[in-house]
Amino acid sequence: MGWFRGALYHCLTARADALFELADAVLCADGPVRSLPALSLVAEHRRGHGALYDALAAGRVDVQRLRTAVASVPLPQAADGRIVLAVDVTCWLRPEANTVPERILCHTYGRAKDQHIGVPGWPYSFVVALETGRSSWTAPLDVVRLAPGADLAVVTAGQVRDVLGRMIAAGHWRPGDPQMWVVMDAGYDAARLAWLLRDLPVRVLARLRSDRVLRRATPPRLPGVLGRPRRHGGEFIFGDPASWGEPDVTTVTDTRLYGIATARAWHRLHPRLTRHAAWADCPDLPILEGTLIRLDVTRLPSGATAKPVWLWCSIHAGPDPDATPDAAMVDLLWQAFLRRFDIEHTFRLFKQTLGWTVPKLRDPAAADRWTWLIIAAHTQLRLARPIAADLRRPWERPAPPQRLTPARVRRDFRHLRATSTCPANAPKPTRAGPGRPPGQPNRHPTQRHDVHTITSNETRTPKPRKNKSANPRPRRTG
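In this text the structure is predicted, and so the values were computed from the model without any measurement.

Asks: What should I look at first to understand the overall build of the chain in this one?
Replies: When helices and strands are tallied, the chain shows eleven helices and 14 strands. Relative to its length of 478 residues, the chain is compact, with a C-alpha radius of gyration of 25 Å against a globular reference of 23 Å. C-alpha atoms of the chain, sized along the principal axes, occupy 90 × 55 × 45 Å. Taking all 478 residues of the chain together, the buried fraction comes to 46%. Contacts in the chain between residues far apart in sequence, at least 24 positions, make up 68% of those at least 6 positions apart. Surface exposure of the chain reaches about 25,400 Å², of which carbon and sulfur atoms provide 53%. In the chain, the 69 positive side-chain charges and the 43 negative ones have mean positions that sit 5 Å from each other.

Asks: Looking at this structure, how should I read unusual backbone geometry?
Replies: Glycine aside, the phi torsion of most residues is negative, and most peptide linkages are trans. At Glu102, a residue that is not glycine, the phi angle is positive and equals roughly 60°. A relative accessible area of 35% means that Glu102 is categorised as partly exposed. Despite not being glycine, Arg268 has its phi angle at roughly 55°, a positive value. Considering the arrangement of structural elements, one finds Arg268 in strand β12 (residues 259-270). Taking relative accessible area as the criterion, Arg268 reaches 46% and is therefore assigned partly exposed.

Asks: Hey, could you run me through the pairing of strand β6 (residues 138-145) in this one?
Replies: Judged by how many residues are buried, β6 sits mostly within the fold: seven of eight residues are covered. In this structure, strand β5 (residues 116-130) lies alongside β6, joined through seven bridges in antiparallel fashion. Across the sheet, the residue bridging to Ser125 is Val144, located in β6.

Asks: How should I be thinking about the packing of helix α1 (residues 2-11) against helix α9 (residues 364-384) in this particular structure?
Replies: Each packed pair of helices is defined by two parameters, the angle between the axes and the distance between the axes. Taken N-terminus to C-terminus, the directions of α1 and α9 make an angle of 165°; their axes are 10 Å apart at the nearest point. The orientation of α1 relative to α9 falls into the category roughly antiparallel. At the point where α1 passes α9, the crossing takes the right-handed sense. Facing α1, whose interface residues are Phe4, Arg5 and Leu8, α9 presents Ala376, Thr379, Gln380 and Leu383.

Asks: Before we go on, may I ask you to explain the side chain of Arg340 in this structure?
Replies: Mapped onto the elements of the fold, Arg340 is located in the loop between α7 (327-339) and α8 (342-353). Leaving out residues up to four positions away in the same chain, Arg340 has contacts with Ala86, Val87, Asp88, Leu130, Val183, Met184 and Asp185.

Asks: Would you explain the pattern of salt bridges in this entry?
Replies: Between side chains of opposite charge, a pair can form when the charged atoms approach closely. Under the counting rule described, the total for this entry stands at 28 salt bridges. A salt bridge links Asp142 to Arg166; its shortest N-O distance comes to 3.4 Å. Here the residue Asp142 occupies a position in strand β6, and Arg166 occupies one in helix α5 (residues 152-170), the gap between them amounting to 24 residues. Accessibility assignment for this pair places Asp142 and Arg166 in one class, buried.

Asks: Sorry, what's going on with α1 here?
Replies: The α-helix advances 3.6 residues per turn, and as a result positions three or four apart in sequence lie on the same side. Among the ten residues that make up α1, seven are buried, leaving the element largely enclosed by the rest of the structure. When we look at burial in α1, the residues that qualify are Phe4, Arg5, Gly6, Ala7, Leu8, Tyr9 and Cys11.

Asks: Is there a simple way to explain the pairing of β5 in this structure?
Replies: Side-chain direction in a regular strand flips from residue to residue, so the side chains alternate between the two faces of the sheet. Within β5, twelve of the 15 residues are buried, which leaves it mostly tucked inside the rest of the structure. Where strand β3 (residues 84-93) and β5 come together, nine bridges link them in antiparallel fashion. Considered in β5, the bridge of Leu85 is made with Ala129. Examined bridge by bridge, strand β4 (residues 104-109) and β5 share six bridges and lie antiparallel to one another. The residue of β5 that forms the bridge with Tyr109 is His116.

Asks: Is there a simple way to explain the side chain of Arg408 in this structure?
Replies: In this structure, Arg408 sits in helix α10 (residues 406-411). Polar contacts involving the side chain of Arg408 include one to the side chain of Asp390, which spans 3.1 Å. Residue contacts for Arg408: discarding those within four places in its chain leaves Ala389, Asp390, Arg392, Glu396, Arg397, Pro398 and Ala399.

Asks: Help me out: how do you make sense of the nonpolar core in this one?
Replies: Judged by nonpolar contacts, the single largest core of 121 residues is most densely connected at Leu39, Leu85, Met167, Phe236 and Trp370. In terms of residues, this core owes the most to one element, α9, which gives eleven residues. With near-sequence residues (within four places) excluded, Phe236 lies in contact with Arg212, Val213, Leu214, Arg216, Ser243, Trp244, Trp266, Leu269, Leu292 and Trp310. Counting six residues, the second-largest nonpolar core is a separate cluster that includes Trp279, Cys282, Leu285 and Leu288.

Asks: Explain the packing of helix α4 (residues 63-72) against α9 here, please?
Replies: Axis separation between α4 and α9 bottoms out at 11 Å; the angle between their running directions is 20°. What the angle tells us is that α4 and α9 run roughly parallel. Both α4 and α9 take part in a crossing whose hand is left-handed. Packed against α4, whose contacting residues are Val63, Leu66, Arg67 and Val70, the element α9 presents Trp372, Thr379 and Arg382 at the interface.

Definitions and limits used
Residues numbered from 1 in each chain as written. Predicted model: local features only at pLDDT ≥ 70, side-chain atom pairs only at ≥ 80, totals over all residues. Heavy atoms only, no water. Helix = DSSP H or I, 4+ residues; strand = E, 2+ residues; numbered from the N terminus. Rg over C-alpha atoms; globule rule 2.2 N^0.38 Å. Buried < 20%, exposed > 50% of the residue type's maximum accessible area, 1.4 Å probe, protein only. Contact = heavy atoms within 4.5 Å. Areas by Shrake-Rupley, 256 points an atom, 1.4 Å probe, with all protein chains shown as cover. Lys, Arg positive; Asp, Glu negative; His and termini not counted. Charge placed at Lys NZ, Arg CZ, Asp CG, Glu CD. Pairing = 2+ DSSP bridges. Axes fitted to C-alpha atoms, helices over the stretch in contact; angles between N-to-C directions. Parallel < 35°, antiparallel > 145°, perpendicular 65-115°, else oblique. Left-handed = near helix turned anticlockwise from the far one by under 90°. Salt bridge = Lys/Arg side-chain N within 4 Å of Asp/Glu carboxyl O. Polar contact = N/O pair within 3.5 Å; in protein donor to acceptor, adjacent residues only side chain to side chain. Core = buried A, V, L, I, M, F, W, Y, C linked by side-chain atoms within 4.5 Å.

Any functional reading would require information that these geometric values do not contain.
Put into structure tokens, the structure is as follows:
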């Protein structure tokens, strides 16, 4: 942990002492962070609240160097020794901040059933490494704020490509090691991500909507048949069991939380791409084959109705001994997807405990600096995990050292910090600035910014809302 703290300090190129002590105040504060100026009252933060705001506004962070330092620490691995990455987008909501630029309508869930609300805010794309088994720990490796008009697939592919390069440089992955898996939810274009990452040793594992339609491999061309060769085989309609046929792999697993988990897999299924949206400029539409998995469980821990989950795993284009997953690989795939939900615990820790979305910052660059400070603080918690003591409350159950949650490790960080290095210098005595003269109003009002929408050059007429159908029309294009 001492090495990372020194590397973090050298990544802070301006206002380094104030930024470093701000990260320590986040980890040493009593209870969740509810107010940004309240962090200046923490004993580990030896400066005033003015230095705190000045550090976020005028400080500088060498993000590329910090990314390298975060990737150099030990990373968690899956049960079979491979690295499993999860990608997801979470939003820093700023609904009433009219003076904040580069806001986007962020997708949020309402309280009613199937209610989706667009709230202005800053969306951030995270890439984390997952552990094996049930855990609230992940390893955040990269974060990028999505600018207005950014392509999510292109941004995510660039993040995964950069993360893989840093892991190879740090020695976490070498040629001959198992391929990495990139796990994502249904909001991503899995086929396009698989195409953008086709030259990397990674597999894309994504959940698909239940109204999708995939195509089978092209059947052999019969002799004497004229015309253009077929590009697609028969349809595989998720909502029509008659089109499924016999699965290539079937596994049955008895789980503690979900009861009997039945996984059925069909190989060599691909989406039918069309020249629209992301594929409009592609001269030759590719055939992206993969393995489709349907997971059925008997119950859910929440007591809700258990619905089937459809997963699609891409096939690497190069020589791959695991190109066709067997029964053991199919079980590892759907278990890796269940581990993707551990990233939600990290988001909850960032927002509710470490106070990631607490500051009311106006500059997006300051928000990015604060985000990387939170990631650096979380990385210190991961490094302190093996040596932290369990300072549990009287009503909490004891936990073994390897099962401590991030919140419990944070309780003991103040004691661990006393035995670690602190490269920050002591504050110098100063006095407050003169400020604005009394009686002089602000003659430079702040500029107002509109919320970015998809169609900024034209007005969209709202369409009447339709009732959700119990049997939606199958989506035959990817």
